[in-house]
Amino acid sequence: MRIDVLTLFPQLFEAPFSFGIFKRAIDNGLVELALHNIRDYTHDRHHTADDYPYGGGAGMVMKPEPIFEAVEAVVAGTDTDNEGGRTPVILLTPQGRLFTQPVANELAQYKRLVLICGHYEGFDERVREHLVTDEISIGDYVLTGGELPAMVVIDAVLRLLPGVLGSEDSTLEDSHAGGLLEYPQYTRPADFRGWQVPEVLLSGNHAEIERWRREQIIRRTLERRPELLDTAELGREDRELVKRLTTRRSKDNKDREL
Ligand SMILES: C[S@@+](CC[C@H](N)C(=O)[O-])C[C@H]1O[C@@H](n2cnc3c(N)ncnc32)[C@H](O)[C@@H]1O
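Not measured: the values here are computed from a predicted model.

Student: Let's hear about the pattern of salt bridges: which residues, and what values?
Tutor: Applying the stated criterion to the full structure yields 17 salt bridges. Ionic pairing is found between D124 and R126, a salt bridge with its closest N-O pair at 2.7 Å. D124 gets classed as buried once you look at its relative accessible area, which sits at 15%. When the shortest N-O distance is used, the salt bridge between R219 and E215 registers 3.1 Å. Residue R219 and its partner E215 are both found in helix α7 (residues 206–224); the two are separated by four residues, about one turn of the helix. R219 gets classed as partly exposed once you look at its relative accessible area, which sits at 27%. Since its relative accessible area comes to 29%, E215 is described here as partly exposed. Three or more residues joined by partner-sharing salt bridges are found here, namely R2, D4, E32 and R112.

Student: A description of α7 should follow, citing residues and the corresponding values.
Tutor: Structurally, the α-helix is built with 3.6 residues per turn, so residues lying three or four positions apart point the same way. With 19 residues, α7 should cover 27 Å at 1.5 Å per step; its first-to-last C-alpha distance of 26 Å lies within 8% of that length. The complete set of buried residues in α7 reads I209, W212, Q216, I217, I218, T221 and L222. At its buried positions, α7 is contacted by α6 (199–202) and α8 (236–257). Sitting at the amino-terminal end of α7 is N205, which places a side-chain oxygen 3.3 Å from the backbone nitrogen of A207.

Student: Tell me about the side chain of E182, residues and numbers included.
Tutor: Position of E182 among the secondary structure elements: in the loop between α5 (147–158) and β8 (191–192). Lacking a salt bridge, the buried E182 has R220 as its closest oppositely charged neighbour, with an N-O distance of 7.3 Å. Here Q185 takes part through its side chain, which lies 3.2 Å from a polar atom of the side chain of E182. In this structure, E182 is in contact with E173, D174, S175, I217 and R220, ignoring residues within four places of it in sequence.

Student: Talk me through the pairing of strand β2 (residues 32–37); I want residue IDs and the actual numbers.
Tutor: Examined bridge by bridge, strand β1 (residues 2–7) and β2 share six bridges and lie parallel to one another. Within the sheet, the bridge partner assigned to L6 lies in β2 and is H36. Chirality of the crossover, the property in question, places the unit of β1, helix α1 (residues 20–27) and β2 among those that are right-handed.

Student: Hey, could you go over the site of the ligand for me, with residue numbers and the actual values?
Tutor: Residues in contact with the ligand amount to 21 residues; listed here are only the nearest, L92, Q95, G118, E121 and Y141. Here an oxygen atom of the ligand sits 2.9 Å away from a polar atom, N or O, in the main chain of G118. A distance of 3.5 Å separates an oxygen atom of the ligand from a polar backbone atom of G145. Within the complex, 86% of the 580 Å² of free accessible area of the ligand lies under protein. A class-by-class count of the residues in the shell around the ligand yields 10 nonpolar, 10 polar and one charged.

Student: Break down the nonpolar core for me, citing the residues and quoting the values.
Tutor: In a soluble, globular protein the nonpolar side chains are often hidden away together inside. Counting 29 residues, the largest nonpolar core has F99 and L107 as the members making the most contacts within it. At the level of elements, β1, α1, β5 (89–98), α3 (101–107), β6 (112–116) and α5 are the ones that each hand at least two residues to this core. Counting residues per element, this core draws most heavily on α5, which supplies seven residues. With 19 residues, the next largest nonpolar core counts L8, V114, V127 and V132 among its residues.

Thresholds applied
Residues numbered from 1 in each chain as written. Predicted model: local features only at pLDDT ≥ 70, side-chain atom pairs only at ≥ 80, totals over all residues. Heavy atoms only, no water. Salt bridge = Lys/Arg side-chain N within 4 Å of Asp/Glu carboxyl O. Buried < 20%, exposed > 50% of the residue type's maximum accessible area, 1.4 Å probe, protein only. Helix = DSSP H or I, 4+ residues; strand = E, 2+ residues; numbered from the N terminus. Expected span 1.5 Å × (residues − 1). Contact = heavy atoms within 4.5 Å. Polar contact = N/O pair within 3.5 Å; in protein donor to acceptor, adjacent residues only side chain to side chain. Lys, Arg positive; Asp, Glu negative; His and termini not counted. Pairing = 2+ DSSP bridges. Right-handed = clockwise from strand over helix to strand, strands pointing away. Near = heavy atom within 4 Å. Areas by Shrake-Rupley, 256 points an atom, 1.4 Å probe, with all protein chains shown as cover. Nonpolar A, V, L, I, M, F, W, Y, C, P; charged D, E, K, R; others polar. Core = buried A, V, L, I, M, F, W, Y, C linked by side-chain atoms within 4.5 Å.

Structural data, given as C-alpha coordinates:
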(Lines give C-alpha, C1' and ligand atoms only; values in the text may rest on other atoms or scores of the structure.)
Protein backbone atom coordinates (compact mmCIF):
# COMPACT_ATOMS: atom_id res chain seq x y z
CA MET A 1 0.00 0.00 0.00
CA ARG A 2 1.13 3.53 -0.70
CA ILE A 3 -0.11 6.38 1.49
CA ASP A 4 0.48 10.00 0.47
CA VAL A 5 0.13 12.55 3.25
CA LEU A 6 -0.31 16.25 2.52
CA THR A 7 0.68 18.37 5.48
CA LEU A 8 2.29 21.63 6.53
CA PHE A 9 4.49 19.66 8.96
CA PRO A 10 5.93 16.52 7.30
CA GLN A 11 8.63 16.25 10.01
CA LEU A 12 5.94 15.30 12.56
CA PHE A 13 5.58 11.92 10.82
CA GLU A 14 9.22 10.92 11.17
CA ALA A 15 9.29 9.39 14.66
CA PRO A 16 6.11 7.26 14.66
CA PHE A 17 7.06 5.45 11.45
CA SER A 18 10.81 5.15 12.01
CA PHE A 19 10.71 2.37 14.59
CA GLY A 20 9.55 -1.20 15.09
CA ILE A 21 6.76 -2.75 13.07
CA PHE A 22 6.18 0.16 10.69
CA LYS A 23 9.86 0.74 9.97
CA ARG A 24 10.18 -2.96 9.10
CA ALA A 25 7.09 -2.81 6.86
CA ILE A 26 8.50 0.23 5.05
CA ASP A 27 12.00 -1.30 4.76
CA ASN A 28 10.48 -4.54 3.39
CA GLY A 29 8.56 -2.61 0.74
CA LEU A 30 5.10 -3.61 2.08
CA VAL A 31 4.26 0.01 2.70
CA GLU A 32 5.29 3.28 1.11
CA LEU A 33 4.67 6.45 3.09
CA ALA A 34 5.12 9.59 0.97
CA LEU A 35 5.07 12.93 2.79
CA HIS A 36 4.30 16.11 0.85
CA ASN A 37 4.65 19.61 2.19
CA ILE A 38 1.64 21.67 1.08
CA ARG A 39 3.87 24.77 1.06
CA ASP A 40 5.84 23.26 -1.84
CA TYR A 41 2.73 23.87 -3.96
CA THR A 42 2.52 27.62 -3.23
CA HIS A 43 3.91 30.13 -5.73
CA ASP A 44 4.51 33.32 -3.74
CA ARG A 45 7.73 34.40 -2.06
CA HIS A 46 6.42 33.65 1.44
CA HIS A 47 4.93 30.22 0.59
CA THR A 48 1.54 31.31 1.90
CA ALA A 49 -0.77 28.36 2.58
CA ASP A 50 -3.43 30.19 4.65
CA ASP A 51 -5.39 33.42 4.55
CA TYR A 52 -8.00 35.42 6.47
CA PRO A 53 -11.59 34.11 6.41
CA TYR A 54 -14.05 35.93 4.17
CA GLY A 55 -16.71 37.52 6.35
CA GLY A 56 -14.26 37.99 9.25
CA GLY A 57 -13.82 35.91 12.38
CA ALA A 58 -10.99 34.36 14.33
CA GLY A 59 -8.08 32.41 12.88
CA MET A 60 -6.83 31.58 9.42
CA VAL A 61 -8.17 29.28 6.72
CA MET A 62 -6.08 26.98 4.51
CA LYS A 63 -6.10 28.23 0.93
CA PRO A 64 -7.54 25.95 -1.76
CA GLU A 65 -4.90 26.41 -4.53
CA PRO A 66 -1.92 24.60 -2.93
CA ILE A 67 -4.10 21.75 -1.69
CA PHE A 68 -5.71 21.21 -5.10
CA GLU A 69 -2.30 21.40 -6.82
CA ALA A 70 -0.72 18.98 -4.34
CA VAL A 71 -3.51 16.40 -4.72
CA GLU A 72 -3.50 16.72 -8.50
CA ALA A 73 0.28 16.23 -8.64
CA VAL A 74 0.25 13.29 -6.25
CA VAL A 75 -2.71 11.45 -7.75
CA ALA A 76 -1.86 12.19 -11.41
CA GLY A 77 -1.82 9.01 -13.47
CA THR A 78 -2.00 6.72 -10.47
CA ASP A 79 -5.74 6.06 -10.12
CA THR A 80 -5.30 2.76 -11.93
CA ASP A 81 -3.31 1.62 -8.85
CA ASN A 82 -6.65 1.00 -7.20
CA GLU A 83 -7.72 -1.45 -9.90
CA GLY A 84 -9.52 1.13 -11.95
CA GLY A 85 -11.22 2.74 -8.93
CA ARG A 86 -10.46 6.24 -7.76
CA THR A 87 -7.78 6.78 -5.16
CA PRO A 88 -9.56 7.88 -1.97
CA VAL A 89 -8.61 11.45 -1.12
CA ILE A 90 -9.42 11.78 2.55
CA LEU A 91 -9.74 14.98 4.51
CA LEU A 92 -9.06 14.70 8.25
CA THR A 93 -11.71 16.83 9.92
CA PRO A 94 -13.75 16.75 13.14
CA GLN A 95 -16.80 17.04 10.86
CA GLY A 96 -16.08 13.75 9.05
CA ARG A 97 -17.52 10.27 9.51
CA LEU A 98 -16.27 8.64 12.68
CA PHE A 99 -13.16 6.47 12.34
CA THR A 100 -13.90 2.96 13.61
CA GLN A 101 -12.46 -0.53 13.05
CA PRO A 102 -14.86 -1.22 10.13
CA VAL A 103 -13.65 2.02 8.48
CA ALA A 104 -10.02 0.91 9.01
CA ASN A 105 -10.89 -2.48 7.43
CA GLU A 106 -12.49 -0.68 4.48
CA LEU A 107 -9.45 1.57 3.91
CA ALA A 108 -7.05 -1.39 4.19
CA GLN A 109 -8.57 -2.79 0.96
CA TYR A 110 -7.08 0.02 -1.14
CA LYS A 111 -3.64 0.03 -2.68
CA ARG A 112 -3.39 3.82 -2.37
CA LEU A 113 -4.73 6.47 -0.04
CA VAL A 114 -4.21 10.22 0.05
CA LEU A 115 -4.65 11.95 3.42
CA ILE A 116 -4.93 15.73 3.84
CA CYS A 117 -4.09 17.28 7.21
CA GLY A 118 -5.64 20.61 8.12
CA HIS A 119 -4.47 23.33 10.46
CA TYR A 120 -5.68 26.68 11.82
CA GLU A 121 -9.46 27.03 11.47
CA GLY A 122 -9.59 24.36 8.79
CA PHE A 123 -9.94 24.41 4.99
CA ASP A 124 -11.56 26.55 2.35
CA GLU A 125 -14.93 24.82 1.82
CA ARG A 126 -14.17 24.19 -1.88
CA VAL A 127 -11.60 21.56 -0.84
CA ARG A 128 -14.43 19.65 0.80
CA GLU A 129 -16.89 20.27 -2.02
CA HIS A 130 -14.76 19.63 -5.10
CA LEU A 131 -11.58 17.75 -4.21
CA VAL A 132 -11.92 15.11 -1.55
CA THR A 133 -13.78 11.81 -1.79
CA ASP A 134 -14.09 11.15 1.96
CA GLU A 135 -13.92 12.98 5.30
CA ILE A 136 -12.80 11.27 8.50
CA SER A 137 -12.91 12.32 12.14
CA ILE A 138 -11.03 10.36 14.82
CA GLY A 139 -13.48 11.46 17.52
CA ASP A 140 -15.78 14.16 18.78
CA TYR A 141 -13.12 16.59 19.95
CA VAL A 142 -10.96 19.16 18.19
CA LEU A 143 -7.20 18.88 17.79
CA THR A 144 -4.83 21.56 16.56
CA GLY A 145 -3.97 19.81 13.32
CA GLY A 146 -4.75 16.80 11.16
CA GLU A 147 -1.33 15.18 11.64
CA LEU A 148 -2.17 13.16 14.76
CA PRO A 149 -5.50 12.02 13.24
CA ALA A 150 -3.66 10.98 10.05
CA MET A 151 -1.15 8.99 12.12
CA VAL A 152 -4.02 7.26 13.94
CA VAL A 153 -5.63 6.30 10.62
CA ILE A 154 -2.32 5.12 9.12
CA ASP A 155 -1.46 3.02 12.18
CA ALA A 156 -4.89 1.35 12.32
CA VAL A 157 -4.86 0.61 8.58
CA LEU A 158 -1.26 -0.58 8.20
CA ARG A 159 -1.45 -3.13 11.01
CA LEU A 160 -4.24 -4.86 9.05
CA LEU A 161 -2.09 -5.43 5.96
CA PRO A 162 -0.81 -8.97 5.47
CA GLY A 163 2.81 -9.30 6.62
CA VAL A 164 2.95 -6.07 8.65
CA LEU A 165 2.43 -7.67 12.08
CA GLY A 166 4.39 -10.74 13.13
CA SER A 167 1.30 -12.96 13.38
CA GLU A 168 -1.67 -12.54 11.05
CA ASP A 169 -3.97 -13.90 13.75
CA SER A 170 -3.14 -11.17 16.22
CA THR A 171 -5.51 -8.65 14.60
CA LEU A 172 -8.41 -11.14 14.45
CA GLU A 173 -8.80 -11.33 18.22
CA ASP A 174 -8.26 -7.66 18.96
CA SER A 175 -11.02 -5.61 20.50
CA HIS A 176 -13.46 -4.40 17.81
CA ALA A 177 -12.14 -6.82 15.17
CA GLY A 178 -15.22 -9.02 15.64
CA GLY A 179 -17.33 -6.18 17.01
CA LEU A 180 -16.63 -7.10 20.67
CA LEU A 181 -13.90 -6.37 23.27
CA GLU A 182 -10.95 -8.71 23.75
CA TYR A 183 -10.60 -11.14 26.69
CA PRO A 184 -8.14 -10.30 29.53
CA GLN A 185 -4.50 -11.23 28.86
CA TYR A 186 -1.91 -12.43 31.37
CA THR A 187 1.79 -13.27 31.21
CA ARG A 188 4.38 -14.54 33.69
CA PRO A 189 4.64 -14.58 36.69
CA ALA A 190 1.58 -16.69 37.53
CA ASP A 191 1.58 -15.10 41.00
CA PHE A 192 2.32 -11.38 41.12
CA ARG A 193 2.07 -9.78 44.58
CA GLY A 194 -0.49 -12.40 45.50
CA TRP A 195 -2.66 -11.73 42.41
CA GLN A 196 -3.08 -15.02 40.59
CA VAL A 197 -3.48 -15.73 36.91
CA PRO A 198 -6.83 -17.54 36.38
CA GLU A 199 -6.31 -21.26 36.93
CA VAL A 200 -7.81 -22.26 33.58
CA LEU A 201 -5.04 -20.46 31.65
CA LEU A 202 -2.42 -22.66 33.34
CA SER A 203 -4.37 -25.89 32.70
CA GLY A 204 -3.11 -26.56 29.17
CA ASN A 205 -6.70 -27.53 28.25
CA HIS A 206 -7.19 -25.59 25.00
CA ALA A 207 -10.92 -26.22 24.71
CA GLU A 208 -11.46 -24.93 28.26
CA ILE A 209 -9.25 -21.93 27.61
CA GLU A 210 -11.20 -21.10 24.44
CA ARG A 211 -14.50 -21.37 26.32
CA TRP A 212 -13.20 -19.16 29.15
CA ARG A 213 -11.94 -16.55 26.69
CA ARG A 214 -15.23 -16.42 24.81
CA GLU A 215 -17.09 -15.98 28.08
CA GLN A 216 -14.73 -13.17 29.09
CA ILE A 217 -15.28 -11.44 25.75
CA ILE A 218 -19.04 -11.44 26.34
CA ARG A 219 -18.76 -10.40 30.02
CA ARG A 220 -16.34 -7.58 29.26
CA THR A 221 -18.37 -6.23 26.40
CA LEU A 222 -21.56 -6.38 28.45
CA GLU A 223 -19.87 -4.55 31.33
CA ARG A 224 -18.07 -1.86 29.34
CA ARG A 225 -19.75 -1.44 25.96
CA PRO A 226 -23.13 -3.20 26.07
CA GLU A 227 -24.29 -1.42 22.89
CA LEU A 228 -21.71 -3.42 20.88
CA LEU A 229 -23.67 -6.60 21.61
CA ASP A 230 -26.60 -5.24 19.58
CA THR A 231 -24.67 -5.40 16.31
CA ALA A 232 -22.05 -8.14 16.91
CA GLU A 233 -22.45 -11.65 15.49
CA LEU A 234 -23.32 -13.87 18.44
CA GLY A 235 -23.69 -17.65 18.58
CA ARG A 236 -26.39 -19.48 20.54
CA GLU A 237 -24.13 -19.96 23.60
CA ASP A 238 -23.14 -16.28 23.51
CA ARG A 239 -26.77 -15.19 23.48
CA GLU A 240 -27.62 -17.52 26.36
CA LEU A 241 -24.72 -16.14 28.39
CA VAL A 242 -25.80 -12.54 27.70
CA LYS A 243 -29.31 -13.44 28.87
CA ARG A 244 -28.00 -15.14 32.03
CA LEU A 245 -25.66 -12.28 32.89
CA THR A 246 -28.29 -9.61 32.22
CA THR A 247 -30.87 -11.41 34.37
CA ARG A 248 -28.32 -11.82 37.18
CA ARG A 249 -27.36 -8.17 36.91
CA SER A 250 -30.91 -6.86 37.15
CA LYS A 251 -31.56 -9.21 40.11
CA ASP A 252 -28.39 -7.85 41.84
CA ASN A 253 -29.55 -4.29 41.20
CA LYS A 254 -32.99 -5.04 42.66
CA ASP A 255 -31.40 -6.68 45.75
CA ARG A 256 -29.23 -3.61 46.21
CA GLU A 257 -32.26 -1.29 46.04
CA LEU A 258 -34.07 -3.26 48.79
C1 LIG B 1 -8.46 23.37 14.90
S2 LIG B 1 -8.98 22.15 13.74
C3 LIG B 1 -10.23 23.01 12.83
C4 LIG B 1 -11.60 22.73 13.30
C5 LIG B 1 -12.68 23.45 12.49
N6 LIG B 1 -12.65 24.85 12.76
C7 LIG B 1 -14.04 22.89 12.84
O8 LIG B 1 -14.65 23.39 13.79
O9 LIG B 1 -14.50 21.93 12.20
C10 LIG B 1 -7.62 22.10 12.61
C11 LIG B 1 -7.48 20.80 11.86
O12 LIG B 1 -7.20 19.74 12.74
C13 LIG B 1 -7.70 18.52 12.21
N14 LIG B 1 -8.59 17.91 13.22
C15 LIG B 1 -8.91 18.45 14.41
N16 LIG B 1 -9.69 17.63 15.11
C17 LIG B 1 -9.87 16.51 14.36
C18 LIG B 1 -10.59 15.29 14.54
N19 LIG B 1 -11.30 15.06 15.63
N20 LIG B 1 -10.52 14.36 13.56
C21 LIG B 1 -9.82 14.59 12.43
N22 LIG B 1 -9.13 15.75 12.20
C23 LIG B 1 -9.15 16.69 13.15
C24 LIG B 1 -8.42 18.86 10.91
O25 LIG B 1 -7.54 18.57 9.83
C26 LIG B 1 -8.68 20.34 11.06
O27 LIG B 1 -8.76 21.01 9.82
